[in-house]
Structures are given as structure tokens and as C-alpha cells.
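A look at the structure
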Amino acid sequence: MIASKDAIETETRMYMYDLLNTAKEFGFKAEDSWELSMVTNTDRIKLQRDYFPTIASKIGPEILLQVFHTIKTRLNQSFQKEAVRVDERNPPAEDLNYLVAFNPKRPRM
């Protein structure tokens, strides 16, 4: 199944809106940046417990990879740091269904 470009763009815009608003709300400086990850529900819970603020969104597996790449591109982030490479011909496993952004410099106290 080929994902709709409209669905990818809509998810990307909503996520970027949340990222930018949260960064503004929490006083991110120019050197602060988001770490973006595709994770399982268990990993999402752990990240939300360990870092604040976090932005988590459940995204369908059919568009998760495309949304991830689009957001990384819009944030001008390199794909070199990806711990787990996901092959575009094989969509992410069913359990990778969350996109989570956090700032590693802001652990939850």
C-alpha cells in the first residue's frame, strides 16, 4: 500500500507545529535541539519518564518512516546518527509506531 502524500504532509505539519510550540514554550535556545526517534510503546514510556519535555505521536506504520524522514529534513538533521536503520522497502515492524522527540540535555529531575 502506498501512503498518501496528504497523510504524510498532515502528520508532518502537526508534529512540526508541536515541536516548535514546545520549544518556544520551554525556552529552547539556538543550541538546543530535538532528538527524534521511531520507538515502541515501551520505549516511548521510558523516554517520557526520563526527559522533559517530550513530544510523542502515534503514527501508522505505513507512513511512520516517511514522516520521520520529512521531519528530520525540516529540522536540518543528519540521518547518520540513526541507531536502527529501517529499510524503506520493508516498513517498520508493527511495534514501531511512535515518533518521539526529546532534548537529551533536559533530563527529568
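The structure we're discussing is the one just above.
Description of the structure in this document. Remember, predicted model here, so these are calculated numbers, not experimental data.

With that out of the way, let us pick up the overall build of the chain. Along the backbone of the chain there are three helices and three strands. In the chain, which comprises 109 residues, the proportion classed as buried is 39%.

Attention shifts here to helix α3 (residues 64–74). What sets the pattern is the α-helix's 3.6 residues per turn: residues three or four places apart point alike. Within the sequence span of α3, burial applies to Leu64, Leu65, Val67, Phe68, Ile71 and Lys72. Down the axis, α3 shows its buried residues gathered within 165 degrees of arc, on one side only. On its buried side, α3 packs onto α1 (5–25), β1 (35–39) and β3 (98–102). Of the residues flanking the end of α3, it is Asn76, one or two places downstream, whose phi is positive at about 55 degrees.

Evaluated as defined, the whole model comprises five salt bridges. Asp50 serves as the salt-bridge partner of Arg49, at 3.9 Å between the closest nitrogen and oxygen.

Here the focus is the nonpolar core. Tyr15, Leu19, Ile71 and Leu99 are the most contacted members of the largest nonpolar core, which has 20 residues in total. At the level of elements, α1, β1, α3 and β3 are the ones that each hand at least two residues to this core. Not counting residues up to four positions away in its chain, the partners in contact with Leu99 are Tyr15, Leu36, Ser37, Met38, Ile55, Ala56, Ser57, Ile59, Leu64, Val67, Phe68 and Ile71. Formed by six residues, the second largest nonpolar core is a distinct cluster that contains Leu47, Tyr51, Tyr98 and Phe102.

Moving on: the sheet that holds β3. One open sheet holds the three strands; their spatial order is β1-β3-β2, and the pairing between them is antiparallel. Looking at strand neighbours, the two that pair on one side only are β1 and β2 (54–58), the edges of this open sheet. Across the sheet, the mean angle separating the axes of adjacent strands is 15 degrees when strand polarity is ignored. Two elements, β2 and β3, share five bridges in a ladder whose sense is antiparallel. Its bridge partner being in β3, Ala56 is matched across the sheet by Val100.

Our focus in this paragraph is the packing of aromatic side chains. The tally for this structure, following the rule as stated, stands at three aromatic pairs. Judged by centre distance (5.1 Å) and plane angle (90 degrees), the rings of Phe26 and Phe52 are edge-to-face. Remark: Phe52 occurs in the loop between α2 (41–50) and β2 and Phe26 occurs in the loop between α1 and β1; sequence separation between them is 26 residues. Across from the ring centre of Tyr98, 4.8 Å away, lies the NZ or CZ of Arg44, which sits over that ring.

The interhelical angle for the contact between α1 and α3, taken along N-to-C directions, is 45 degrees, at an axis separation of 9 Å. Regarding the angle of α1 to α3, the classification is oblique. Taken as a pair, α1 and α3 cross one another with a handedness that is right-handed. From α1, Ile8, Glu9, Glu11, Thr12, Arg13, Tyr15, Met16 and Leu19 reach across to α3, where they touch Gln66, Val67, Thr70, Ile71 and Arg74.

Rules and cut-offs
- Residues numbered from 1 in each chain as written.
- Predicted model: local features only at pLDDT ≥ 70, side-chain atom pairs only at ≥ 80, totals over all residues.
- Heavy atoms only, no water.
- Helix = DSSP H or I, 4+ residues; strand = E, 2+ residues; numbered from the N terminus.
- Buried < 20%, exposed > 50% of the residue type's maximum accessible area, 1.4 Å probe, protein only.
- Arc of directions from axis to C-beta.
- Contact = heavy atoms within 4.5 Å.
- Salt bridge = Lys/Arg side-chain N within 4 Å of Asp/Glu carboxyl O.
- Core = buried A, V, L, I, M, F, W, Y, C linked by side-chain atoms within 4.5 Å.
- Pairing = 2+ DSSP bridges.
- Axes fitted to C-alpha atoms, helices over the stretch in contact; angles between N-to-C directions.
- Phe/Tyr/Trp six-rings, centres within 6.5 Å; stacked < 30°, edge-to-face > 60°.
- Lys NZ or Arg CZ within 6 Å of the ring centre and 35° of its normal.
- Parallel < 35°, antiparallel > 145°, perpendicular 65-115°, else oblique.
- Left-handed = near helix turned anticlockwise from the far one by under 90°.

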